[in-house]
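Observations on the three-dimensional arrangement
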Amino acid sequence: QKEVEQDPGPLSVPEGAIVSLNCTYSNSAFQYFMWYRQYSRKGPELLMYTYSSGNKEDGRFTAQVDKSSKYISLFIRDSQPSDSATYLCAYLSGGGADGLTFGKGTHLIIQP
Amino acid sequence: GAVVSQHPSWVICKSGTSVKIECRSLDFQATTMFWYRQFPKQSLMLMATSNEGSKATYEQGVEKDKFLINHASLTLSTLTVTSAHPEDSSFYICSAPQRGAETQYFGPGTRLLVL
C-alpha cells in the first residue's frame with residue numbers, strides 16, 4: 001500500500017463551483033499536512049498547512065484533516081480559471097529535519 | 001512568503017558531462033535544504049537533505065556519488081549531477097524551511113535535459 005493516495009484527475013469543473021480535492025494516507029507518523037499548488041513547469045507553492053484534525057480556512061481555501069480516517073481535503077470556493085493547476089497534498093513526520101512526502105497531485109481544470 | 005531561487009532554470013547538456021544547480025534562500029537562512037526530483041506527470045520525490053556544515057543525507061536508491069550536494073553557506077546549497085545520462089533528465093526542485101519543516105518553500109525548479 002502506498003503511503004499517500006491522490007487521484008491524479010483531471011478534474012474539470014465550471015467557474016464558480018466548489019472544488020473538493022482529497023488525499024488518504026497510511027503512515028500514522030505523519031503529523032503535519034500541507035497543500036501545494038503547482039503550475040506547469042513551476043515549483044510548488046505552499047497554500048496551507050495544518051497539524052490538527054478539523055478545518056482551517058484561508059480566503060477561498062479550506063483545509064480539512066481527519067486523522068482518525070487518515071483523510072485530508074482541500075476545498076476551493078468560488079473557483080476561478082486561475083485556480084487551474086495541479087494540487088499536491090504533502091505530509092511531514094514532524095522530525096524537524098524531514099523532507100516532505102507528496103501525493104501524485106490532482107490536475108484541476110476550471111472551465112470559464 | 002519566503003523566496004527561494006534556483007539557477008539555472010533549464011539546462012541542456014551532452015551525456016557524460018556534469019551539471020551544477022544552485023539553490024538559494026533569498027530572505028532567510030536555512031541550515032537545511034531539500035532536493036527533490038519530479039519526472040513528467042509524477043509527484044515530487046525527495047532525493048536528499050542538504051545540511052550546512054555536514055554531509056548530506058540521501059534517500060534510499062539515490063546514488064550519493066552521482067548527485068553531489070554541497071551546503072556551502074546558510075543561504076546556498078548546490079546539487080551537482082555528475083556524468084549525467086539521458087535517464088537523469090528531470091525537473092529538479094529544491095526547498096528550504098523558513099520557520100519549521102512544515103513551512104517549506106520551493107524554488108522554481110531546474111529542468112535538465114541530457115542528450
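For every chain, the first residue of its written sequence is number 1, and the numbers climb from 1 along that sequence. Each chain is given a letter, starting from A, and each ligand a number, starting from 1, according to the order in which they appear as written. Reporting in this predicted model follows two pLDDT cut-offs: at least 70 for local features of residues, and 80 or more for side-chain atom pairs to be given and counted; totals over whole chains, interfaces and linings ignore these cut-offs and use all residues. The side-chain numbers reported here are obtained from all heavy atoms of the structure, hydrogens and water having been left aside.

**Examining the overall build of chain B**
Helix and strand labels come from DSSP, where a helix needs a run of H or I of at least four residues and a strand needs a run of E of at least two; each type is numbered from the N terminus. Across its full length, chain B carries zero helices and 11 strands. To get the radius of gyration, use the C-alpha atoms; to get the globule rule, take the number of residues to the power 0.38 and multiply by 2.2 Å. Compactness check: chain B gives a C-alpha radius of gyration of 13 Å against a globular reference of 13 Å for 115 residues, within 12% of the reference. Relative to its full complement of 115 residues, chain B shows a buried share of 55%. In this analysis, two residues are considered to be in contact whenever any of their non-hydrogen atoms come within 4.5 Å of each other. Residue pairs in contact within chain B that sit at least 24 positions apart in sequence constitute 54% of those at least 6 positions apart. Here, Shrake-Rupley sampling with a 1.4 Å probe gives the accessible areas, and only protein chains in the shown set may cover a residue. Entry remark: accessible area of chain B is about 5600 Å², with carbon and sulfur atoms responsible for 52%. When charges are counted, Lys and Arg contribute as positive and Asp and Glu as negative, whereas His and the chain ends are disregarded. Every charge is mapped onto a representative atom, which is NZ of Lys, CZ of Arg, CG of Asp or CD of Glu. The average position of the 10 basic charges and that of the 9 acidic charges among the side chains of chain B differ by 5 Å. Each residue gets one of three labels from its accessible area relative to the maximum for its type: buried under 20%, exposed over 50%, partly exposed in between, using a 1.4 Å probe on protein chains only.

**Describing the interface of chain B and chain A**
Facing the 20 residues of chain B at the interface are 20 residues of chain A. Buried area is understood as the total, over both parts, of accessible area removed when two parts are fitted together, assessed with a 1.4 Å probe. Interface area, chain B with chain A, both sides summed: about 1600 Å², of which 58% is carbon and sulfur. Any carboxyl oxygen of Asp or Glu within 4 Å of a side-chain nitrogen of Lys or Arg constitutes a salt bridge here. The interface formed by chain B and chain A contains zero salt bridges. Polar contact is defined as a pair of N or O atoms within 3.5 Å, subject to the rule that within protein one atom must be able to donate a hydrogen and the other to accept it, and that residues adjacent in sequence are counted only when both atoms are side-chain atoms. Where chain B packs against chain A, one counts five residue pairs in polar contact (both at pLDDT 80 or more). Those elements that provide at least two residues to the side of chain B that touches chain A are β4 (32-38), β5 (45-51), β9 (90-97) and β10 (104-106) of chain B.

**A few points about the state of the cysteines**
Here, the term disulfide refers to a pair of cysteine sulfur atoms separated by no more than 2.5 Å. Using the criterion set out here, one finds two disulfides over all chains in the structure. Across a sulfur-sulfur distance of 2.0 Å, Cys23 of chain A and Cys89 of chain A are joined as a disulfide pair. On the sign convention where negative means left-handed, the S-S torsion of about -95° between Cys23 of chain A and Cys89 of chain A marks this disulfide as left-handed. Placement of the pair is Cys23 of chain A in strand β3 (residues 19-25) and Cys89 of chain A in strand β9 (residues 85-92), with a sequence separation of 66 residues. With respect to burial, Cys23 of chain A and Cys89 of chain A carry one shared label: buried. Two residues share a disulfide in this structure: Cys23 of chain B and Cys94 of chain B, whose sulfurs sit 2.0 Å from each other. Looking along the S-S bond of the Cys23 of chain B-Cys94 of chain B disulfide, the torsion reads about 80°, which is the right-handed sense. In this pair, Cys23 of chain B sits in strand β3 (residues 19-25) while Cys94 of chain B sits in strand β9, placing the two residues 71 residues apart along the sequence. When its relative accessible area of 0% is taken as the criterion, Cys23 of chain B is described as buried. For Cys94 of chain B, a relative accessible area of 0% corresponds to the buried category. Free of any disulfide, Cys13 of chain B has its nearest neighbouring cysteine sulfur in Cys94 of chain B, separated by 19 Å. Look at Cys13 of chain B and you get buried, because its relative accessible area is 9%.

**A closer look at the sheet that holds strand β6 (residues 54-58) of chain A**
Residue and element names in this part refer to chain A. Strand pairing follows a simple DSSP-based rule, namely that at least 2 bridges must link the two strands. Reading across from one edge, β1-β3-β8-β7-β6 is the order of the five strands in this open sheet, with antiparallel pairing throughout. Each having just a single partner strand, β1 (4-5) and β6 make up the two edges of the open sheet. Relative to strand β8 (residues 71-76), strand β7 (residues 61-66) runs antiparallel, the two being bridged by six bridges. Paired with Phe61 across the strands is Ile76, a residue of β8.

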